[in-house]
Amino acid sequence: MAVVVVYVLLFLGLWGEFSGRRLRPVLWRPLLRAAGGGAGCAALLAVGLQVVSGAAYLVVGLAGVRLADGVGVRWLGLAVTASAGLLYFPVVVMAVPHKSRYYAEMRAVLVGMGATPAQASAAARAGGTVALFVGIPLALTLPAAIGLIG
């Protein structure tokens, strides 16, 4: 089962990296409109996106474990978590800083979508920090924990 978990994590990581680029406009344009002109509001919305998506991923993963226990099929918990990861990984990966210039890439993307420089900086730094220190550990440990205990 541990080998399957490694392959699932590799697949989800690659999926998150490639699909996150396409998902950015879908997620960020409505958030930037909702933020109005405020950098603080943009930062709160970016943090909210990371927290809500992470909580949903955790709930679905735990529900998958309960379902797997209920029907007696051990691998079902990992399958449900991996399916939820198809939605969660792009959200968390697109906010994590990729280069040594920290959030420069994400700030440029947000400015390109119409954010002010202050909004882009606040949203990238706030959401990226949550993604880096909460989202990535959750994304990596939940499938591993479910695969090992499930």
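Residues numbered from 1 in each chain as written. Predicted model: local features only at pLDDT ≥ 70, side-chain atom pairs only at ≥ 80, totals over all residues. Heavy atoms only, no water.

A.B. asks: So what exactly am I meant to see when it comes to empty space enclosed by the protein here?
C.D. replies: Unoccupied space between atoms shows up once a probe the size of one water molecule is rolled over them. Throughout the structure, instances matching the rule amount to two cavities of 30 Å³ or more. As a volume, the largest cavity reaches approximately 50 Å³. Lining the largest cavity are ten residues, with Val-96, Pro-97, His-98, Glu-105 and Met-106 sitting closest to its centre. Going through the elements one at a time, α3 (76–95) and α4 (104–112) are the ones with two or more residues in the lining of the largest cavity. Its residues placed into classes, the lining of the largest cavity shows seven nonpolar, one polar and two charged. In this structure, the second largest cavity encloses a volume near 30 Å³. (1 Å grid on protein atoms, 1.4 Å probe; cavity = no way out; pocket = protein on both sides within 12 Å on 5 of 7 lines; lining within 4 Å. Points joined across faces, edges and corners; volume = space filled by probe spheres on them. Helix = DSSP H or I, 4+ residues; strand = E, 2+ residues; numbered from the N terminus. Nonpolar A, V, L, I, M, F, W, Y, C, P; charged D, E, K, R; others polar.)

A.B. asks: Is there a simple way to think about the pattern of salt bridges in this case?
C.D. replies: In a structure, side chains of opposite charge can pair up when their charged atoms sit close to one another. Using the criterion set out here, one finds one salt bridge in the structure. Salt-bridge contacts for Arg-24 lead to Glu-105; the nearest nitrogen and oxygen are separated by 3.7 Å. With Arg-24 in helix α1 (residues 2–35) and Glu-105 in helix α4, this pair connects stretches of sequence that are 81 residues apart. Given the relative accessible area of 7%, Arg-24 is considered buried. Its relative accessible area of 23% is what places Glu-105 among the partly exposed residues. (Salt bridge = Lys/Arg side-chain N within 4 Å of Asp/Glu carboxyl O. Buried < 20%, exposed > 50% of the residue type's maximum accessible area, 1.4 Å probe, protein only.)

A.B. asks: When you look at the environment of Pro-97 in this model, what are you seeing that I'm missing?
C.D. replies: Along the chain, the position of Pro-97 falls in the loop between α3 and α4. In sequence terms Pro-97 and Arg-125 are 28 residues apart; their C-alpha atoms lie 8.9 Å from each other.

A.B. asks: Honestly, the nonpolar core in this entry has me stumped. Any pointers?
C.D. replies: Nonpolar side chains in soluble globular proteins tend to be buried together. Tyr-57, Tyr-88, Phe-89 and Val-92 are the most contacted members of the largest nonpolar core, which has 20 residues in total. Taken together, the elements giving at least two residues each to this core come down to α1, α2 (39–71), α3 and α5 (117–149). Ranked by the residues each element gives to this core, the list is headed by α3, at eight residues. (Core = buried A, V, L, I, M, F, W, Y, C linked by side-chain atoms within 4.5 Å.)

A.B. asks: Is there a simple way to think about the side chain of Ser-53 in this case?
C.D. replies: Tracing the backbone through its elements, the reader meets Ser-53 in helix α2. A polar contact is formed between the side chain of Ser-53 and the backbone oxygen of Leu-49, at a distance of 2.8 Å. Every residue in contact with Ser-53, bar those within four places of it in the chain, is listed here: Tyr-88 and Val-91. (Polar contact = N/O pair within 3.5 Å; in protein donor to acceptor, adjacent residues only side chain to side chain. Contact = heavy atoms within 4.5 Å.)

A.B. asks: Would you mind showing me how to read the environment of Gly-61 here?
C.D. replies: Within the secondary structure, Gly-61 sits in helix α2. With relative accessibility at 0%, the residue Gly-61 sits in the buried group. Linking Gly-61 and Leu-142, residues 81 residues apart in sequence, is a C-alpha distance of 7.3 Å. Among residues more than four places away in sequence, those in contact with Gly-61 are Thr-81, Leu-142 and Ile-146.

A.B. asks: In this structure, what is going on with the packing of α2 against α3? I would like to understand it.
C.D. replies: Packed helices, taken two at a time, are described by the angle their axes make and the gap between the axes. Contact geometry of α2 with α3 gives a least axis separation of 7 Å together with a crossing angle of 170°. It follows that α2 is roughly antiparallel to α3 by the angle criterion. Across the interface between the two elements, Leu-49, Gln-50, Ser-53, Gly-54, Tyr-57, Val-60, Gly-61, Gly-64, Val-65, Leu-67, Ala-68 and Val-71 of α2 pack against Leu-76, Gly-77, Val-80, Thr-81, Ala-84, Gly-85, Tyr-88, Phe-89, Val-91, Val-92, Met-94 and Ala-95 of α3. When grouped by side-chain class, the residues that make up the contact of α2 with α3 number 16 nonpolar, eight polar and no charged. (Axes fitted to C-alpha atoms, helices over the stretch in contact; angles between N-to-C directions. Parallel < 35°, antiparallel > 145°, perpendicular 65-115°, else oblique.)

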